[in-house]
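# Coordinate inspection notes
The chain contents come next:
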Amino acid sequence: MNRLKYLPVVLLICFAMLAGSVCSAGRSAAAASKDPKQIVITAFEKLNTVKNYHMTMENQYLLTYQGETLSLSVKSECDAQADPLLVQNNMTFTMDSKWEQKEQKTTQYIEADQGKIMVYSFVNDHWTKQVLTEFNPLAAYDDYFKAIKHVSLVKETPEASDFAVVINSGFLSKEMERMMSALGLQKMELPEGAFFQDIGELTYTVTIDRKTATITQVQMDLSGVLRNFGKSIMESLNLPSEKKTIISQLLSTVQASAVISFSQMNQIEGLQVPAEIKSSAIMLPSLTVPGSLVEAKDPNAIKVGANLELTGGFSPYAKQSLAGMQLAVKEANAAGGILGRKIELVTVDNGSNAGRTANVMTDFISGNKVAAVLGPLTDTNMRTAAAMAEDYQLPIISSAVINPAIAVDNGKPKRYVFRSAFTDPYQGKMMSKFAVDRLGAKTAAMVVDKSSDYSKYIAALFKMTFADSGGKIIAEEGYLQKERDFSSLLARIQQADADVIFIPGFVEEVGPLIRQARESGITTPILGTDAWDSAGLVENAGVEALTNTYFSNHYSPQLQSAVNQHFVAAYKSEYNTEPDIFSALGYEAATILIAAIKEAGSAEPEQIRAALENIRLEGVTGPIYFNRYHNPIKSMVVIAMLNGEQTLLARIDP
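Because the structure is a prediction, the values reported are computed rather than measured.

What counts and what doesn't
Residues numbered from 1 in each chain as written. Predicted model: local features only at pLDDT ≥ 70, side-chain atom pairs only at ≥ 80, totals over all residues. Heavy atoms only, no water. Helix = DSSP H or I, 4+ residues; strand = E, 2+ residues; numbered from the N terminus. Expected span 1.5 Å × (residues − 1). Buried < 20%, exposed > 50% of the residue type's maximum accessible area, 1.4 Å probe, protein only. Contact = heavy atoms within 4.5 Å. Salt bridge = Lys/Arg side-chain N within 4 Å of Asp/Glu carboxyl O. Phe/Tyr/Trp six-rings, centres within 6.5 Å; stacked < 30°, edge-to-face > 60°. Lys NZ or Arg CZ within 6 Å of the ring centre and 35° of its normal. Polar contact = N/O pair within 3.5 Å; in protein donor to acceptor, adjacent residues only side chain to side chain.

## Re helix α14 (residues 507-519)
Given 3.6 residues to a turn, an α-helix orients residues that are three or four positions apart in the same direction. Helix length check: α14 (13 residues) gives 18 Å between terminal C-alpha atoms against 18 Å at 1.5 Å per residue, within 8%. Burial analysis of α14 places 10 of its 13 residues in the buried class, the great majority of the element. For α14, every residue scored as buried is listed here: Val-507, Glu-509, Val-510, Gly-511, Pro-512, Leu-513, Ile-514, Gln-516, Ala-517 and Arg-518. Residues of α14 that are buried sit in contact with β20 (443-449), β21 (472-479), α13 (487-496), β23 (526-528), α15 (535-541) and β24 (549-553). Two residues or fewer past α14, Gly-521 is found with a positive phi of approximately 100 degrees.

Okay, here's the thing in structure tokens:
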């Protein structure tokens, strides 16, 4: 096992902590004085005006296990420029212990690219790339100086002054949570603050050159912060007491430090990511495109059931979902199958009926004896199938059901029930993120369909997340289905003058509402959800009125990730048409299940279930993994309406 393969991420966290703590700038530069805090603030501000510099960072980590010491050192030599952000990072990782001695070197480029942080890394003799969406190490500038709790002069020579700086725990907790989320390291949803309740104060020493008043070195003792952080994670997890005892003992031995030095201020030239690296780098994980898509029957095949509404009112969507599932299975078989066996997709029509859904499940359990099930797509049928899957301990993944209640029983998560589509409330959370981060909204108005649980649930999450981000809901209005005159509520919305308007409703009401809003002179950005994904939106609102409107959705074929581009090309080749949301979600559900079987190393349902709980992969819609309720934590796309056409505006990552 290569224990060093995740260490670049560790360094990136340290680099981000440094950026948040060392490069933070105040609103205005104040004149230096003899006040220690003001001297440090002025030096930080001066560092932030530097266009580029060379930075050396050395991290040391020690812990003791069974009387033996594990030592890990990370040395980084960086050339960095501030605007636009670009870093060339040469790293050396050294591990030394009784069990393993290893040194590994790698090169990394970190570049700001269209509002995102793109990381290029040299791994296993080839270049890879990873997008850290919406991560900005400079985002905490305004909060940083407020977080300085104390500064004191500890040493002074004719050449330099050393100051001890203490940062309060609240700022560190907030920054750690922000960075972990951006780096994709939160593997599960926990109650707010559970990871980061109090990771302690950070004390570091800043060396300031007295002649130039610039920072030349920062020394950090990270031991206490890391111990508290580890303890916070441990206490948040449902672990046996004996394991917690062992982990606590390990954490008590942790020693960690970092030394960062700056030089060559404004002397770095020609810094860029080589064009050949950009063109050859592949997204992680890489995806091999099979040469042919051929499915073969095999009595030794791993059977996967597809319980779908192939007839009835939902059949057009189920057929699209099935097409995606079949493509995923064909690709897996063309690549050699799993565990030396082919996959057989046992597809049965449930007739869009709960009774027939139960009959199909009975066959899968006792007749065909499948390893796992894909589908159904509707709430009613999935409730039936999920109950039986839970009773008979058979993993099931729905590619379309978005009702949060499907996967829980008396408030507890069902162990065998999963979904690949995000839930309704998740859209509220992510659209709030879009409003704040992409549109810069500080105030919002909400117009909610009071006769729809869908609309109310989403609005509640939007409101909560918006407030948590520092925003304020300044107007809340409601309407009922089939209502068509919105003049009164729009007058109140117009008077509130919010930065954005959020309308999580259906196109029958949303269309006229948007049209009347524009007619009344409201030009504010209007945000919505996946219920807007209908031709009726343009029909009811009109092309012109939809200018400056955006809605969340599960998928867009316009996504530029390597995984999605492969999927779109393969789907077009197979079916001679572009994939839609249902085919993409069907493909993703099957891909997740196939990956879980491979990860489990077994076709036994219990082993597959366990693997699903820990699965993490790059799907067609972006990174995806499951929280404790088996709901997917995944990317969401934001669609802009341009000239009446849906256009991908952004991918919002969790």
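## Side note on the environment of Arg-356
Tracing the backbone shows Arg-356 in helix α9 (residues 354-367). Separated by 28 residues in the primary sequence, Arg-356 and Thr-384 have C-alpha atoms spaced 9.8 Å apart. Ignoring any residue separated from it by four or fewer positions in sequence, one finds Arg-356 in contact with Asp-349, Asn-350 and Gly-351.

## Some thoughts on the pattern of salt bridges
Within the structure shown, the criterion is met by 17 salt bridges. Asp-349 is the salt-bridge partner of Arg-356, the closest N and O atoms lying 3.9 Å from each other. Among the ionic pairs, Asp-453 bridges to Lys-456, the shortest N-O distance being 3.7 Å. On the criterion of helical spacing, the pair formed by Asp-453 and Lys-456 is a turn pair, its members being three residues apart in helix α12 (residues 453-468). For Asp-453, a relative accessible area of 46% gives the class partly exposed.

## Re the packing of aromatic side chains
Enumeration over the complete set of coordinates arrives at 14 aromatic pairs. Ring geometry for Tyr-53 and Phe-262: centres 5.1 Å apart, planes at 85 degrees, overall edge-to-face. With Tyr-53 in strand β1 (residues 52-65) and Phe-262 in strand β11 (residues 255-263), this pair connects stretches of sequence that are 209 residues apart. When sorted by exposure, Tyr-53 lands in the same class as Phe-262, which is buried. Just above the ring of Tyr-416 sits the side chain of Arg-609; from NZ or CZ to the centre is 5.7 Å. Directly above the ring of Tyr-629 sits Arg-628, whose terminal nitrogen or CZ lies 4.8 Å from the centroid.

## Observations regarding helix α17 (residues 581-600)
Compared with an ideal rise of 1.5 Å per residue, which puts 20 residues at 28 Å, α17 spans 28 Å between its outermost C-alpha atoms and is within 8% of the ideal. Counting buried positions along α17 yields 14 of 20 residues, so the element is predominantly enclosed. Of the residues flanking the start of α17, the one acting as N-cap is Asp-580, its side-chain oxygen 3.1 Å from the backbone nitrogen of Phe-582. Positive phi shows up at Gly-601, right after α17, with a value of about 70 degrees.

## Focus: the environment of Asp-349
As for its placement among the helices and strands, Asp-349 is situated in strand β14 (residues 343-349). Note: C-alpha distance between Asp-349 and Leu-310 (39 residues apart in sequence) is 5.2 Å. The contact partners of Asp-349, leaving out residues within four places of it in the chain, are Leu-308, Glu-309, Leu-310, Thr-311, Arg-356 and Val-360. A distance of 2.7 Å separates a polar atom in the side chain of Asp-349 from a polar atom in the side chain of Thr-311. Of note is the side chain of Asp-349, whose polar atom sits 2.7 Å from the backbone nitrogen of Gly-351.

## Thoughts on unusual backbone geometry
In this structure, the amide linkage connecting Gly-375 to the following residue, Pro-376, adopts the cis form with an omega of -10 degrees. Tracing the backbone through its elements, the reader meets Pro-376 in the loop between β15 (372-374) and α10 (379-391). For Ser-352, which is not a glycine, the phi torsion comes out positive at approximately 55 degrees. Note on placement: Ser-352 falls in the loop between β14 and α9. Under the relative-accessibility criterion, Ser-352 is labelled partly exposed at 30%. Despite not being glycine, Asn-643 shows a phi value in the positive range, around 55 degrees. Relative to the assigned elements, Asn-643 resides in the loop between β28 (636-642) and β29 (645-652).

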